[in-house]
Amino acid sequence: EAQVTQNPRYLITVTGKKLTVTCSQNMNHEYMSWYRQDPGLGLRQIYYSMNVEVTDKGDVPEGYKVSRKEKRNFPLILESPSPNQTSLYFCASQSGWGRYEQYFGPGTRLTVT
Amino acid sequence: RKEVEQDPGPFNVPEGATVAFNCTYSNSASQSFFWYRQDCRKEPKLLMSVYSSGNEDGRFTAQLNRASQYISLLIRDSKLSDSATYLCVVNSQGQLTFGSGTQLTVLP
């Protein structure tokens with residue numbers, strides 16, 4: 001089954017404790033993205049990757065890092081989480097740039113206290 | 001001004017009603033357009049792409065007006081299962097920008 005998986009689905013952590021949210025897709029897609037979704041603000045892109053070892057900043061990259069060492073995986077790293085990073089995070093992948101459907105993971109609900 | 005703007009709603013309509021959502025976008029060079037559906041606390045899923053000539057998929061019709069820079073989604077004969085948030089998505093030079101969504105509740 002074609003899918004995007006994220007782990008963990010729920011996470012409560014404390015300020016400053018490094019964490020990683022994993023994302024994996026089994027569709028051999030080149031393009032992957034991370035978004036955060038906050039009430040009233042919609043989905044905002046954090047980082048995206050057009051292929052292995054190619055990553056770029058989205059609209060709200062501050063406080064986040066990503067890596068793309070393999071095509072299927074695109075982890076999101078919060079080196080020093082802060083309460084304003086409490087949000088719902090989605091990973092997405094698509095087969096091409098722009099015109100193609102994006103497939104989203106199930107989401108990770110992160111709370112930073 | 002936001003790049004993609006939607007009326008947040010909520011729209012509360014009875015079963016069987018026809019409901020329409022509009023979405024405006026600011027970048028006149030935008031190339032492609034989509035409607036996504038998002039159920040509460042779930043991931044967004046593609047509902048339909050929006051083509052220049054307009055397109056229909058069952059009870060759903062999408063229209064694009066490039067001159068006025070808006071897209072619309074019409075839902076006919078609303079079902080309870082149509083209750084969700086509908087996200088307008090615009091592609092500009094390969095980058096997708098999401099509207100904040102319009103919430104629809106279909107009432108029995």
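Residues numbered from 1 in each chain as written. Chains lettered and ligands numbered in written order. Predicted model: local features only at pLDDT ≥ 70, side-chain atom pairs only at ≥ 80, totals over all residues. Heavy atoms only, no water.

Asker: How would you sum up the sheet that holds strand β1 (residues 4-7) of chain A? Please name residues and give values.
Answerer: Residues and elements named next belong to chain A. If you trace the four strands from one edge of the open sheet to the other, you get β1-β3-β8-β7, paired in antiparallel fashion. Edge strands, defined here as strands with exactly one partner in the open sheet, are β1 and β7 (65-66). Sheet analysis places strand β3 (residues 19-25) next to strand β8 (residues 76-78), joined by three bridges and oriented antiparallel. Counterpart to Thr20 in the pairing with β8 is Ile77. (Pairing = 2+ DSSP bridges. Helix = DSSP H or I, 4+ residues; strand = E, 2+ residues; numbered from the N terminus.)

Asker: Describe empty space enclosed by the protein, with residues and values.
Answerer: All names here are of chain B. Following the criterion strictly, the structure yields one cavity of 30 Å³ or more and no others. One number sums up the size of the largest cavity: a volume of about 40 Å³. In terms of lining residues, the largest cavity is bounded by Glu3, Val4, Tyr25, Ser26, Asn27, Ser30, Val90, Ser92 and Thr97. Class assignment for the residues of the lining of the largest cavity results in three nonpolar, five polar and one charged. (1 Å grid on protein atoms, 1.4 Å probe; cavity = no way out; pocket = protein on both sides within 12 Å on 5 of 7 lines; lining within 4 Å. Points joined across faces, edges and corners; volume = space filled by probe spheres on them. Nonpolar A, V, L, I, M, F, W, Y, C, P; charged D, E, K, R; others polar.)

Asker: Describe the layout of surface pockets, with residues and values.
Answerer: Size it by volume and the largest pocket reaches roughly 600 Å³. Every residue lining the largest pocket is counted, 23 residues in all, and those nearest its centre are A:Gln37, A:Pro39, B:Gln38, B:Arg41 and B:Thr85.

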